[in-house]
Structure formats: C-alpha cells, structure tokens
Amino acid sequence: MSTAAMLAVVLALALGTYAFRLAGVLLADRLTLPESVRRLLPLAAVALLTALAVTAALTEAGSPAGVARPGGVLVGLILAWRRLPFAVVVVAAAATAAGLRLLGLP
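The structure contained in this document is the topic of the report that follows.

Analysis parameters
- Residues numbered from 1 in each chain as written.
- Predicted model: local features only at pLDDT ≥ 70, side-chain atom pairs only at ≥ 80, totals over all residues.
- Heavy atoms only, no water.
- Patch = residues over 30% accessible without salt bridge, like charges linked within 9 Å, V, L, I, M, F, W, Y side chains within 5 Å.
- Areas by Shrake-Rupley, 256 points an atom, 1.4 Å probe, with all protein chains shown as cover.
- Salt bridge = Lys/Arg side-chain N within 4 Å of Asp/Glu carboxyl O.
- Buried < 20%, exposed > 50% of the residue type's maximum accessible area, 1.4 Å probe, protein only.
- Helix = DSSP H or I, 4+ residues; strand = E, 2+ residues; numbered from the N terminus.
- Expected span 1.5 Å × (residues − 1).
- Arc of directions from axis to C-beta.
- Contact = heavy atoms within 4.5 Å.
- Axes fitted to C-alpha atoms, helices over the stretch in contact; angles between N-to-C directions.
- Parallel < 35°, antiparallel > 145°, perpendicular 65-115°, else oblique.
- Left-handed = near helix turned anticlockwise from the far one by under 90°.
- Nonpolar A, V, L, I, M, F, W, Y, C, P; charged D, E, K, R; others polar.

### Considering a nonpolar patch on the surface
On the surface, a nonpolar cluster with roughly 530 Å² of combined accessible area is contributed by Y18, L22, V25, L26 and L27. Residue V25 is classed as exposed on the basis of its relative accessible area of 62%.

### Examining helix α3 (residues 68-81)
Over its 14 residues, α3 extends 20 Å from the first C-alpha to the last, a length consistent with the 20 Å expected when each residue adds 1.5 Å. For α3, the complete set of buried residues consists of A68, G71, G72, G76 and L79. Seen end-on, α3 carries its buried residues on one side only, within an arc spanning 135°. Residues of α3 that are exposed and point more than 90 degrees away from the buried face comprise L74, L77 and W81. Buried residues belonging to α3 abut α4 (86-102).

### With respect to the packing of α3 against α4
Viewed as axis vectors pointing N to C, α3 and α4 meet at an angle of 155°, and their least axial separation amounts to 8 Å. By the angle between their directions, the pair α3 and α4 is classed as roughly antiparallel. Once α3 is placed against α4, the crossing between them reads as right-handed. Residue-level inspection shows A68, R69, G71, G72, V75, G76, L79 and A80 of α3 in contact with α4, the latter providing V88, V89, A92, A93, T96, A97, L100 and R101. Of the residues in the contact of α3 with α4, the class split is 10 nonpolar, four polar and two charged.

### What to know about the pattern of salt bridges
Considering all chains together, one arrives at two salt bridges under this definition. R38 is the salt-bridge partner of E35, the closest N and O atoms lying 3.7 Å from each other. With a gap of three residues between them, E35 and R38 both fall in helix α2 (residues 35-58), about one helical turn apart. The class for R38 is partly exposed, based on a relative accessible area of 47%. Close ionic contact of E60 with R69 constitutes a salt bridge, the shortest N to O distance being 3.2 Å.

Pasting the structure below:
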C-alpha cells in the first residue's frame, strides 16, 4: 500500500472517529436510553476491553501465541492485582516473557 493511500485511510478514520464523537455530544439531549441499558453500558465496556486484552494475550496473527506471552501476561495480572507500581508490573511481565523465550518456549 502506498504512503498516500495509507495517509488517506488514516485521515478517513480520524474524520469518522471525530464525527462519531461529535454526534454523541450533539445528540445527547435528544436521545434517552432506558434505565436497564444505562446500567449495562459500563459492563459492556468492561466486557469489550477484556475481550480485546484476552485476544491480544492469547493469539498472534490468528493462531495461538504459545506459552511466553500468556505467561508474561499472567505475571503482569498477578502483580497488578497485588497493586505493585505500574512500571514494576510492565518490566516483570516483559522479563517473564523474555525469560520463557530464552528457555526455548514459544
């Protein structure tokens, strides 16, 4: 894909994102959601982010990611759950994945 085509795609996505957000602001007073939908929206956001994180952690190019990446993610999750500083979580997760790869695990 040429640079001009990629730039056009990025600009189209940027404009679409801006228009989508602007529509939300402009239509906020005209649109009323039922109470049940308003209660479920935060849960939908959590479910979406969880699905994205799990997909990124467990797959690589449409196939299973092996052991190293999920191992690093698991270490990161445990350390984040234990409320360690973010930098420690990231470095420990990366070091775990790198260590597992050095041991020959995919």
